[in-house]
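Residue-level listing of the chains:
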Amino acid sequence: MKPNNYFERAGTIAAAGAGTILGTQAAGLVYAFYEMQIQLEGTGPQTFVIQGGSVQPRLLCANAGDGMIRVWDAGNEGQALWRTQPGSALVFDSSGSAQYNYFVRGFSEPVY
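Note that the structure is predicted; figures quoted are calculated from it, not measured.

### Overview of the nonpolar core
Part 1 of the argument: Judged by nonpolar contacts, the single largest core of 20 residues is most densely connected at Ile 21, Leu 22, Phe 33, Met 36, Leu 90, Phe 92 and Val 104.
Part 2 of the argument: Among the elements of the structure, β1 (6-13), β2 (17-22), β3 (29-40), β4 (46-51), β5 (58-61), β8 (90-94) and β9 (100-110) are those that each provide at least two residues to this core.
Part 3 of the argument: Of all the elements, β3 adds the most residues to this core, at 5 residues.

As structure tokens, this is what we get:
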């Protein structure tokens, strides 16, 4: 069963620098993810930093078509293993201007 505050976002970004995927949460809330995908459509190499507070995973895409698909606990929607920091946005920061696509799925929850 999906939580009431469930979301899915997909899109394409074709610019260097920070691309905001989900805007800043209200105080006391976090984004909780159970699926995240990023794929480089242009030429590489290109590095992505997934920003959501103090924890910032990195992804290196050496060639067009490189990327990642990460599913956390896919069999139990409502349970997430990666969360932003309270009050943070989700931002993909790209080292180059090559086009990339993304998909994220998760929910918003209060900080416990």
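Picking up after the structure, the text goes on.
### A look at unusual backbone geometry
Part 1 of the argument: Residue Pro 45 is reached from Gly 44 by a cis peptide bond, and omega for that bond is 0 degrees.
Part 2 of the argument: With respect to the helices and strands, the residue Pro 45 is situated in the loop between β3 and β4.

### Re the packing of aromatic side chains
Part 1 of the argument: For the structure on display, the rule yields 8 aromatic pairs.
Part 2 of the argument: Ring centres of Phe 7 and Tyr 31 lie 5.6 Å apart, and the angle between their planes is 85 degrees; on these two criteria the pair is classed as edge-to-face. Here Phe 7 is found in strand β1, whereas its partner Tyr 31 is found in strand β3, with 24 residues between them in sequence. This pair shows no difference in class: Phe 7 is buried, exactly as Tyr 31 is.
Part 3 of the argument: Taken together, the ring pairs in this structure connect Phe 7, Tyr 31, Phe 33 and Trp 82 into an aromatic cluster.

### Section: the pattern of salt bridges
One side chain can pair with another of opposite charge once the charged atoms of both are near each other.
Part 1 of the argument: Under the counting rule described, the total for this entry stands at 2 salt bridges.
Part 2 of the argument: Residue Arg 105 pairs with Glu 35 through a salt bridge whose shortest N-O separation is 2.6 Å. Residue Arg 105 is located in strand β9, and its partner Glu 35 is located in strand β3; the two are separated by 70 residues in the primary sequence.
Part 3 of the argument: Relative accessible area serves as the criterion here: at 13%, Arg 105 is assigned to the buried category.
Part 4 of the argument: A salt bridge links Arg 83 to Glu 109, with the shortest nitrogen-to-oxygen separation between them at 2.4 Å. Here Arg 83 is found in strand β7 (residues 82-83), whereas its partner Glu 109 is found in strand β9, with 26 residues between them in sequence.
Part 5 of the argument: Under the relative-accessibility criterion, Glu 109 is labelled buried at 11%.

Conventions adopted
- Residues numbered from 1 in each chain as written.
- Predicted model: local features only at pLDDT ≥ 70, side-chain atom pairs only at ≥ 80, totals over all residues.
- Heavy atoms only, no water.
- Core = buried A, V, L, I, M, F, W, Y, C linked by side-chain atoms within 4.5 Å.
- Buried < 20%, exposed > 50% of the residue type's maximum accessible area, 1.4 Å probe, protein only.
- Helix = DSSP H or I, 4+ residues; strand = E, 2+ residues; numbered from the N terminus.
- Phe/Tyr/Trp six-rings, centres within 6.5 Å; stacked < 30°, edge-to-face > 60°.
- Salt bridge = Lys/Arg side-chain N within 4 Å of Asp/Glu carboxyl O.

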